[in-house]
Amino acid sequence: MATTVSEGGGAGDERGRRKGRTTPPHVRALAGSLGGVVEACCLQPIDVIKTRLQLDRTGTYRGIVHCGATAARTEGIRALWKGLTPFATHLTLKYALRMGSNALLQSAFKDPATGDLSNHGRVAAGFGAGVLEALLIVTPFEVVKIRLQQQKGLRPELLKYKGPVHCARMIIREEGILGLWAGAAPTVMRNGTNQAAMFTAKNAFDVVLWKKHEGDGKVLRPWQSMISGFLAGTAGPICTGPFDVVKTRLMAQGRSGGDAKYKGMVHAIRTIFAEEGLLALWKGLLPRLMRIPPGQAIMWAVADQVTGLYEKSYLHRAHL
């Protein structure tokens with residue numbers, strides 16, 4: 001059972017205090033950023049494997065285990081944490097923006113008379129938060145991360161990109177500033193759809209499983225948050241698999257030579273389907289399912305503690 005504040009006041013007074021009360025955007029942003037740091041450190045190897053599988057056009061890797069074992073054997077165990085700095089930074093900023101902007105948009109979509117948020121409003125707020133994070137943070141950071149992850153070899157001096165900052169500078173110099181926004185369209189579609197589903201599902205699972213409502217002062221136990229977060233994070237990868245594969249291919253290719261294989265999102269989808277078959281549009285799905293639902297479980301376990309403790313503290317002060 002989730003803990004709650006129960007001292008003082010009747011049920012009617014309690015509902016009156018809670019009506020329209022939501023955790024402020026800055027608290028949500030802080031909660032998300034802390035969750036992002038923990039998630040990045042735990043799940044970076046799975047993200048590296050996913051990227052390698054999505055970029056594999058010749059069948060070099062025979063699956064998740066073979067891909068991870070090959071990278072560790074030929075490049076060292078640290079290869080599984082390639083791109084960690086941009087990945088961790090991008091997750092921290094992404095979750096801060098996602099949680100904060102979602103809170104702002106939810107407030108904007110609430111019924112001004114009742115203070116209630118409809119399911120349509122919750123979906124719209126989630127989609128808007130996903131679009132913002134995709135354009136402002138996710139795309140440039142993932143371009144750098146993917147360029148670093150696709151490099152193979154043991155000798156740093158032979159690698160084109162020496163690190164995140166050097167990689168970003170090289171992309172800007174060779175491809176222009178817009179090179180950091182390669183694959184922006186599928187990223188927007190992927191993140192918008194993901195967040196619309198995730199925020200709606202997370203709230204629904206909290207209510208159904210734990211009777212937890214936003215602003216009610218209950219603090220879910222970490223394992224409860226992990227279950228809700230895990231379940232909420234499962235649908236997105238299946239629905240948005242093609243967008244993620246296309247995003248990775250567009251981000252990985254350089255444009256400095258003017259011979260880019262894929263000309264855009266629609267062209268990439270058609271080309272991949274024609275050359276590699278329908279299932280190629282879901283390459284890397286299993287490692288995504290190994291990474292995203294557990295990642296959401298970890299992030300929400302941290303974020304719910306921060307927001308829950310804030311709500312509990314607020315309601316406690318309201319009783320005094």
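Each remark here, short or long, concerns the structure printed above.
Residues numbered from 1 in each chain as written. Predicted model: local features only at pLDDT ≥ 70, side-chain atom pairs only at ≥ 80, totals over all residues. Heavy atoms only, no water.

A. Fine view of the overall build of the protein chain. Within the protein chain one finds twelve helices and zero strands. Overall, the protein chain shows an N-to-C arrangement of helices and strands of α-α-α-α-α-α-α-α-α-α-α-α. Burial statistics for the protein chain: of 320 residues in total, 51% are counted as buried. Considering only residue pairs separated by 6 or more positions, the protein chain has 79% of its internal contacts joining residues 24 or more positions apart. About 14500 Å² of surface is accessible on the protein chain, with carbon and sulfur atoms providing 67% of the total. (Helix = DSSP H or I, 4+ residues; strand = E, 2+ residues; numbered from the N terminus. Buried < 20%, exposed > 50% of the residue type's maximum accessible area, 1.4 Å probe, protein only. Contact = heavy atoms within 4.5 Å. Areas by Shrake-Rupley, 256 points an atom, 1.4 Å probe, with all protein chains shown as cover.)

B. Geometry of the pattern of salt bridges. As enumerated under the stated definition, the model contains 22 salt bridges in all. Among the salt bridges present, the one from Asp304 reaches Lys202, with a minimum N-O distance of 2.9 Å. Here the residue Asp304 occupies a position in helix α12 (residues 285-319), and Lys202 occupies one in helix α7 (residues 184-210), the gap between them amounting to 102 residues. An identical accessibility class is assigned to Asp304 and Lys202; each is buried. (Salt bridge = Lys/Arg side-chain N within 4 Å of Asp/Glu carboxyl O.)

C. Spatial organisation of the packing of α7 against helix α10 (residues 241-252). Contact geometry of α7 with α10 gives a least axis separation of 8 Å together with a crossing angle of 150°. Classified by the interaxial angle, the pair formed by α7 and α10 is roughly antiparallel. Relative to α10, the crossing made by α7 is left-handed. Between α7, through Pro186, Thr187, Met189 and Arg190, and α10, the contact on the second element is made entirely by Phe243, Asp244, Val246, Lys247, Leu250 and Met251. Among the residues making up the contact of α7 with α10, the classes are represented as six nonpolar, one polar and three charged. (Axes fitted to C-alpha atoms, helices over the stretch in contact; angles between N-to-C directions. Parallel < 35°, antiparallel > 145°, perpendicular 65-115°, else oblique. Left-handed = near helix turned anticlockwise from the far one by under 90°. Nonpolar A, V, L, I, M, F, W, Y, C, P; charged D, E, K, R; others polar.)

D. Expanded view of unusual backbone geometry. Phi is positive for Lys211, which is not a glycine, with a value near 55°. Among the secondary structure elements, Lys211 is positioned in the loop between α7 and α8 (222-232). Looking at Lys211, the relative accessible area reads 53%, which means it is exposed.

E. Spotlight on a nonpolar patch on the surface. Taken together, Val208, Leu209, Trp223, Ile227, Phe230 and Leu231 make up a surface patch of nonpolar side chains, about 530 Å² in accessible area. If you list the elements that add at least two residues to the nonpolar patch, you get α7 and α8. Take Val208: it is sitting in helix α7. Judged by its relative accessible area of 58%, Val208 falls in the exposed class. (Patch = residues over 30% accessible without salt bridge, like charges linked within 9 Å, V, L, I, M, F, W, Y side chains within 5 Å.)

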